[in-house]
Structures are given as C-alpha cells and as structure tokens.
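# An overview of the molecular structure
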Amino acid sequence: MADQSEKKSMDEIMALCKRRGFIFQASEIYGGINGFWDYGPLGAQLKKNLKDAWWQDTVLTPPPGPDGRPLQIVGLDSCIIQNPRVWVASGHVGGFNDPMIDCRESKRRYRADHLFSIALADGANTRAYAFVDGDDEGKARALKLLGKYAKRTLSESDVTVTPLAKATPDQLAITVGPDAKEPGTLTEPRAFNLMFKTYVGATASEDDAAYLRPETAQGIFVNFKNVIDTTRVKLPFGIAQMGKAFRNEVTPRNFTFRSREFEQMEIEFFCAPGKTAEWYRFWRDLRLAWWRATGLRSDNLMLREHERDELAHYAKDGAGTSDVEYRFPFTHPGFGELEGIADRSDFDLKQHWSHSKVKLEYFDADTQERYVPHVIEPSAGADRGVLALLCEAYTKDPSRPSKVFMKFTPRMSPLKAAVFPLVAKEGMPETAEKLHQELKPRFGMVEFDVKQTIGKRYARMDEAGCPYCFTIDGDTAKDQSVTVRERDTCAQERIGLDRVTEYLAERLKS
Ligand code: GAP
C-alpha cells in the first residue's frame, strides 16, 4: 500500500479522471475552453453525493447549536441573474476592476500591468527584482539589488525588463517584490472585476447589462425579508443555498481548483449582533468536522485563522475569518482553500437596505428591539470539495492490476456496487441483470458489466472506486451463492444471492 503522506501526482489523478469519466475538459472536441470543466457520469454522481450530503446535514438534519437547541436552517434557490443593482450594493461592481498582484511579505497590492521585473540578460535567471512602472527610484533600486546579487556592477544593457502581468509561476518564484526582501512572495495576477457580463432582452444595449452571479450569497441577502415574512424562522437562523457561480478568473489553474464556472454551497447565518463570536466558533468547528466526515484525512485538512490584514472589507471588525484548507498535490506541502467561514457583520443587509430603500431589519419579539442582524457565512466550493475527494481517494497499490484504486467513503462513492456475470452464457447474464435491477432502486448507481475478463472488470471498478463487486458464476445456479469482492482489501467471499441486499446495506451505511 502507498504511503498516504507522500505527494500524489496531479497529472496521474487528472489522467484517471479523464479515463474513468469523472471530469472532462469542457468543449473538448473544439479544443476546450480555459477554466471550464464538465463532469462525466462518475464525476456528476460524486458531486451530487457531496452536495446531497451538504444539503442533508445542513438544511434537513443539522446538529443542535451551541446552546443545545435545534438549528434552524431553511433552503433557497435564487436566480443566477439578478437585478444588476444587487452587485452595485454588494460592492462587486465598481470595486474590483483590475488584475492585481499582492505581495504576501509587504502586504502591498499592485496593479498587475504596472509591475515589471529586472533580470540578468545573459540567461542566468535565478533572481529578478520587481519595480512599479514610472517609479525611477524603485527601478534603480531593483538594478542595484540585482547587481549585488550577481556580484557585479550592472548597466541597463546587462538586464532585461519583463512585464509581470503574464508572469509564469516559475518567474514569480524567483522575483523579489518592490517592497519585499525575499523572492516568491508575489501572487499571480487576479482580476478584481471578476464578473461575467451579459445582456437581458433583445436590444443588448448597456441599459440591459446584467451579470452572472459571482457568489450565491447575495441571492440570500436580497431574499432575507421574503424568508422572514413567509416562514416561522426566528433569530438565530440560517438560509442555505447551493448553485453555480461565475468568475472571470485571470489565471484559472490547477484543474478545477480555480475555474471560471463553479458551484458554491453557502450558508448565511443570521444572529443578534452580540452573538457573532459564539456562532463564528460554532460554524468554524462544525464545518471542519463536516469535511472530515466526507473522508478527508485529518492531517490533510486544516483550519487557518486569517490575519487581520487579510480580512475582507466586510469582516474587518468582526469575530474573524478562517478557511478550511486541504493539502492538494499542487499545494503540497502547503494547503488550498476549500471553504471560508467569515463574520460578515451587518454589512450586506445594510448595503441592500441603503440601495433598495427596503427596510431589512429584524424585530426581536423577546427583547422588543429592532436591529439589523449580523451574519456568519460558511461558504464552501463544491468543485474544490470534489477535487479534494478525488485527490484523497487516489490510492496507489502496485500489487493489483490497476495499480491504483479510488478509496471513497461509502457515502461519497459514486458507484455503490457492480454486478458481473462471469461469462455471457448459461443464464448468468439474466441472473446478474435481475440482481442489478433489484439493487439500483435501493442503492443508486450500480454497474452491470459483462465485457472482458473478470480481472479487467475488477481493475475498472477499482479505478472507479466501486466498493463491492458481485459475480454470478457457474455455481450460482446450483447453490444460489455469489462471490463478493471488496475494493480496499481485494478480499473475496461467497455469500447467498438472497443476502446481497442486506450485505450491501450493512456495509454502505457508515
Ligand atoms: N460569499 C463568499 C465567497 O464567495 P469566496 O472565498 O470568494 O467567498 C467561497 O468563495 C468558496 O468558493 C471558496 O472557498 C472556494 O471553495 C470556492 N471558489 C471560489 N472561487 C472559486 C473558483 N474560481 N473556482 C472554484 N471554486 C471557487
């Protein structure tokens, strides 16, 4: 068995995803489209299992709150396209217009098209120094520092100057930021007006411009009044929504990790202003535990509390922000964000009140007070979750024909079982198909496969992550028994045909 802590190869995982039908490049037959991915038969079911688990555990059967009382969470399904004024109020229009590069060391932010770097022209590009266009002093300083690094006095003819707006990760790794001391602290450029624009109606004039939502959250805030007017919820309560979000990312990368179309699973949890710290801690811990329960190993998961200067504008004075992060192969040994849990204060409701002129306050019947609730927001990415599940499940095993198997938990596993007739004759396909039809309504996705040798069929199912394979053979007709083969151990045993449903139900319930 493989050492689980070793770095897995993202290329191998991507190849398996394509080979077995988890994830395909969108529009592949036309050469693809950067930042967009389609889910194949297994991937679509895997994603559905993750989203269903989130809905079940969040909306339908949430655990009790910190006070031991039942949590109140209701669901919502709002439109992708909203009145464009929603995005003015939320700060998405206007605020975020240019690709920016951040420096993790100096915490300064630069317009990407304003940053250039100086490196040695002779090809010895082991170090580069960045400066801001038009800052002559900064440019002279960069030249001096490069000379010091190269241990010679340099003139302009000894160096090349390159714009950083399209810098590769390798270039950035050797570049020292304009206000930094160490190389590799500049982030890749990120577009701050990430929104996809479209037009509503036939005329396509600027008056009809609208946007594809960049987050599902605002659909919740603009429905806050509808929900409290039409349901019996009382503070504290949450509104949950999952659905597509779109961001025109400048550098989509790392497979589905940063896509231009993705799905979010978001909760806006409304509470009284003085209660945010308690609810923030509750959601932070609950969400980490939830991700663990999907099968992500605890040492591949971490909770990272944001530094104050990392906080979003709406979270500056709140109880805090933390990310649930997963150690992906491409971030190894570091971690990448799966979900953010943020105290958004009363920012969004106040913004929408001010822009729409519709009162978005809450009347607390217990205290007879009116106030704008504060919000704790656990905001997760379904695609990043699926990617983490795929990376986690990918397990090398040189001893088996497939050399690799996908070790999903029973709940997440897209396929729950497979049924094989050993050969396509002697009544075996008919018995196998009957069993297949019996299992499907109860367990969901169950494979029927009659092609190739049994070893090849097991190998295919190992790569698909199918936990149990049942084989109908020559003895089945005689003694009504089948062979069951378990994915993780490859162990095989004989059980009665009439016990298959019970056997599977017992093992899939965890
Ligand atoms: N409403 C808050 C919000 O949208 P965010 O941190 O920008 O916060 C929340 O996004 C989650 O959405 C992230 O933790 C991530 O899982 C997912 N996400 C964000 N941008 C993404 C992208 N370009 N591709 C895939 N997932 C993304």
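Structure shown above.
In this report, we go over the structure that sits alongside the text. All values reported here derive from a predicted model rather than from experimental measurement. (Residues numbered from 1 in each chain as written. Predicted model: local features only at pLDDT ≥ 70, side-chain atom pairs only at ≥ 80, totals over all residues. Heavy atoms only, no water.)

### As for the site of the ligand
Put simply, the rule is: We call a residue near a given molecule or strand whenever any one of its heavy atoms falls within 4 Å of it. The term polar contact refers here to a pair of N or O atoms within 3.5 Å; inside protein, the definition further demands a hydrogen-donor-capable atom paired with an acceptor-capable atom, and it admits residues adjacent in sequence only when both atoms are side-chain atoms. Note on areas: these come from Shrake-Rupley sampling with a 1.4 Å probe, and a residue is covered only by the protein chains present in the view. In this text, helices come from DSSP runs of H or I with a minimum length of four residues, and strands from runs of E with a minimum of two, each type numbered from the N-terminal end.
For the ligand, the set of nearby residues contains 20 residues, the closest of which are Glu215, Arg247, Ser259, Glu266 and Glu337. Residue glutamate 215 places a side-chain N or O atom 2.7 Å away from a nitrogen atom belonging to the ligand. In this structure, leucine 338 approaches the ligand through a main-chain N or O atom, which is 2.9 Å from an oxygen atom. For the ligand, whose unbound accessible area comes to 550 Å², protein coverage reaches 89%. Of all the secondary-structure elements, those providing two or more residues to the shell around the ligand are strand S14 (261-271), strand S17 (336-345) and strand S20 (374-381).

### Remarks on the packing of aromatic side chains
What counts here: Stacked, tilted and edge-to-face are the three classes applied to pairs of Phe, Tyr and Trp rings, where Trp contributes its six-membered ring and a pair requires centres within 6.5 Å; stacked means planes under 30 degrees apart, edge-to-face means over 60, and tilted covers the rest. The rule for a charge over a ring is simple: NZ of Lys or CZ of Arg within 6 Å of the ring centre, and within 35 degrees of the ring normal.
This model, assessed by the stated rule, comprises 22 aromatic pairs. Seen from their ring centres, phenylalanine 269 and tryptophan 279 are 4.5 Å apart, and the 45° between their planes marks the pair as tilted. With phenylalanine 269 in strand S14 and tryptophan 279 in helix H9 (residues 276-293), the pair connects residues that are 10 residues apart, well separated along the chain. When the centroid spacing of 5.0 Å and the interplanar angle of 10° are considered together, the rings of phenylalanine 328 and phenylalanine 330 count as stacked. Within the aromatic cluster, the residues linked to one another by ring pairs are Phe221, Phe224, Phe237 and Phe270. Taking NZ or CZ as reference, arginine 384 lies 3.7 Å from the ring centre of phenylalanine 257, over its face.

### Observations concerning helix H1 (residues 10-20)
To keep things clear, this is the line we draw: For every residue, the accessible area obtained with a 1.4 Å probe (protein chains only) is divided by the maximum for its type, and the residue is called buried under 20%, exposed over 50%, and partly exposed between those limits. Think of the arc as the fan of directions from the helix axis to the C-beta atoms. A contact between two residues is defined here by any heavy atoms of the two lying within 4.5 Å.
Within H1 the residues assigned to the buried category are Met10, Ile13, Leu16 and Cys17. For H1, the angular spread of buried residues about the axis comes to 125°, placing them on one side. Buried residues along H1 sit in contact with strand S1 (23-25), helix H11 (382-393), strand S21 (394-396), strand S22 (404-406) and helix H13 (454-464). For H1, the side-chain oxygen to backbone nitrogen distance between the N-cap and aspartate 11 is 3.3 Å, and the N-cap itself is serine 9. Following H1 by one or two positions, glycine 21 adopts a phi angle in the positive range, close to 85°.

### With respect to the sheet that holds S20
Here is the rule we go by: Between any two strands, at least two bridges found by DSSP are needed for them to pair. Throughout, an axis means a line fitted to C-alpha atoms (over the contacting stretch in the case of helices), and angles, computed between N-to-C directions, take values from 0 to 180 degrees.
Read across the sheet, seven strands follow the order S3-S13-S14-S20-S17-S16-S15 without closing on themselves; strand pairing throughout is mixed. At either end of the open sheet lies a strand with only one pairing partner, and these are strand S3 (73-75) and strand S15 (301-305). Neighbouring strand axes in the sheet, compared pairwise and without regard to direction, differ in orientation by 20° on average. Across the sheet, H9 touches S3, S14, S15, strand S16 (321-326), S17 and S20, and the angle it forms with S20 is around 15°.

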